[in-house]
Structures are given as structure tokens and as C-alpha cells.
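# Geometric and topological summary
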Amino acid sequence: MNENVLPPCPECSGPYAYEMGALLVCPECGHEWPLAAGEDGDAPRERVVKDSVGNVLADGDTVTVVKGLKVKGHPTGIKAGTKVRGIRLVDGVDGHDIDCKIDGFGAMQLKSSVVRKG
């Protein structure tokens, strides 16, 4: 038996995952997840959330929206360049992994792919 068999991607079930440092990466969908060295216990795993240009995000960071976003029930939406302070990383629904408050819009969730750190 070969002990170096890597698991399929948890997002798209692609069989071509490869190691990149402490992460596993799927070349088909780009999903990254931690390399679990046989530890599927109750210990919480730290997630790595990256912004649109690849910077690692953390709780409390300030980010900038990089493209205009439509907001249900609001006529103008969120404009590109809007600063969002004090983000919180969450396991949201449908890829929304940032919980925040935006002035004029209130509490909402954003995708890390539409923000840039700084």
C-alpha cells in the first residue's frame, strides 16, 4: 500500500490534489485546505482565507472592496474602493467567508475574492 495517497478535493472531488507546504491544493478548482496528517480529531483546524490578490486575511483586518457589489434592497450597492474595518472570518454560506459591518449598509457577509487587504 502507498501511504502517500492524497485525498480528493472536498469542494469538487477532483483526484489531482497536490501538496504545497502545509496545504493541499486542487488544480481543477483552486481550493486549498490544510494537510491533515491523520488528525481528524476534535481539535479545530485553522483555516487560511486569502483576499483577491493572495494576501492572508485575519480577524480585525481592514480590507477594501475591489469591485462594485449589488445589495438587495439598496439602489446603489457597494462601490469599489469602499473600506471595511474590523472584519471577522466565518464559515459562511455560499462562499461568503467575511462577516463585517459597512457604513450605510449594516452587517453583511462578503466573499474574500472581492476584497483586498489594506
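Owing to the predicted nature of the structure, the values given are computational and were not obtained by experimental measurement.

## Overview of the pairing of strand β10 (residues 106-110)
The pairing of strand β9 (residues 98-102) with β10 spans five bridges and is antiparallel. The residue of β10 that forms the bridge with Ile98 is Leu110. Linking β9 to β10, which pair antiparallel, is a turn of three residues; within it Gly104 sits at a positive phi near 90°.

## Some thoughts on the state of the cysteines
Applying the stated rule across the entire model yields zero disulfides. For the unlinked cysteine Cys9, the closest cysteine sulfur is that of Cys29, found at 3.7 Å. Classification of Cys29 by relative accessible area gives partly exposed; the value is 39%.

## Topic: the sheet that holds strand β11 (residues 115-117)
Read from one edge to the other, the open sheet built from three strands follows the order β7-β6-β11, with strand pairing classed as antiparallel. This sheet does not close on itself; its edge strands, each paired only once, are β7 (83-84) and β11. As judged from the two bridges shared by strand β6 (residues 63-65) and β7, these two strands associate in the antiparallel manner. In the strand pairing of β7, Val63 is matched with Val84.

## Comments concerning the side chain of Asp97
When you line up the elements, Asp97 lands in the loop between β8 (88-89) and β9. With residues near it in sequence (within four places) discarded, Asp97 still touches Arg47, Val49, Arg88, Leu89, Val90, Leu110, Lys111 and Ser112.

## A word on the UniProt feature "domain: Protein YjdM N-terminal" (unreviewed entry) in the protein chain
With numbering aligned to this structure, UniProt lists the feature "domain: Protein YjdM N-terminal" (unreviewed entry) at residues 6-34. Spanning residues 6-34, this segment combines 0% helix with 31% strand, and its end C-alpha atoms are found 12 Å apart.

## Observations concerning the environment of Val65
On the secondary structure map, Val65 appears in strand β6. The buried category is assigned to Val65, whose relative accessible area is 2%. In this structure the C-alpha to C-alpha distance between Val65 and Val114, which are 49 residues apart in sequence, comes to 5.9 Å. If we ignore the near neighbours within four places in the chain, the residues touching Val65 are Ile78, Lys79, Ala80, Gly81, Thr82, Val84, Val114 and Val115.

## Re the sheet that holds strand β2 (residues 23-25)
Pairing between the strands of a sheet is mediated by backbone hydrogen bonds and can be parallel or antiparallel. Sheet architecture is open: three strands sit in the order β1-β2-β3, paired in antiparallel fashion. For this open sheet the edge positions go to β1 (18-20) and β3 (32-34), each flanked by a neighbour on one side alone. Put simply, the sheet's adjacent strands are angled 40° from each other on average, direction ignored. The pairing of β1 with β2 spans three bridges and is classified as antiparallel. Looking at β2, one finds that Tyr18 is bridged to Val25.

## Notes on the nonpolar core
Core analysis: the biggest nonpolar cluster contains 17 residues, and Leu57, Val84, Ile87, Ile98, Cys100 and Leu110 have the highest contact counts within it. Counting only elements with at least two residues in this core, the list comes to β6, β9 and β10. If you tally residues by element for this core, the top one is β9, at three residues. Beyond its immediate sequence surroundings of up to four residues, Leu57 is in contact with Val49, Lys50, Asp51, Val63, Ile87, Leu89, Ile98, Ser112, Val115 and Lys117. Counting residues in each nonpolar core, the second largest holds five residues, with Cys9, Ala17, Leu24 and Cys26 among its members.

Conventions used here
- Residues numbered from 1 in each chain as written.
- Predicted model: local features only at pLDDT ≥ 70, side-chain atom pairs only at ≥ 80, totals over all residues.
- Heavy atoms only, no water.
- Pairing = 2+ DSSP bridges.
- Helix = DSSP H or I, 4+ residues; strand = E, 2+ residues; numbered from the N terminus.
- Disulfide = S-S within 2.5 Å.
- Buried < 20%, exposed > 50% of the residue type's maximum accessible area, 1.4 Å probe, protein only.
- Contact = heavy atoms within 4.5 Å.
- UniProt positions renumbered as here; feature names shortened; annotations may be inferred.
- Axes fitted to C-alpha atoms, helices over the stretch in contact; angles between N-to-C directions.
- Core = buried A, V, L, I, M, F, W, Y, C linked by side-chain atoms within 4.5 Å.

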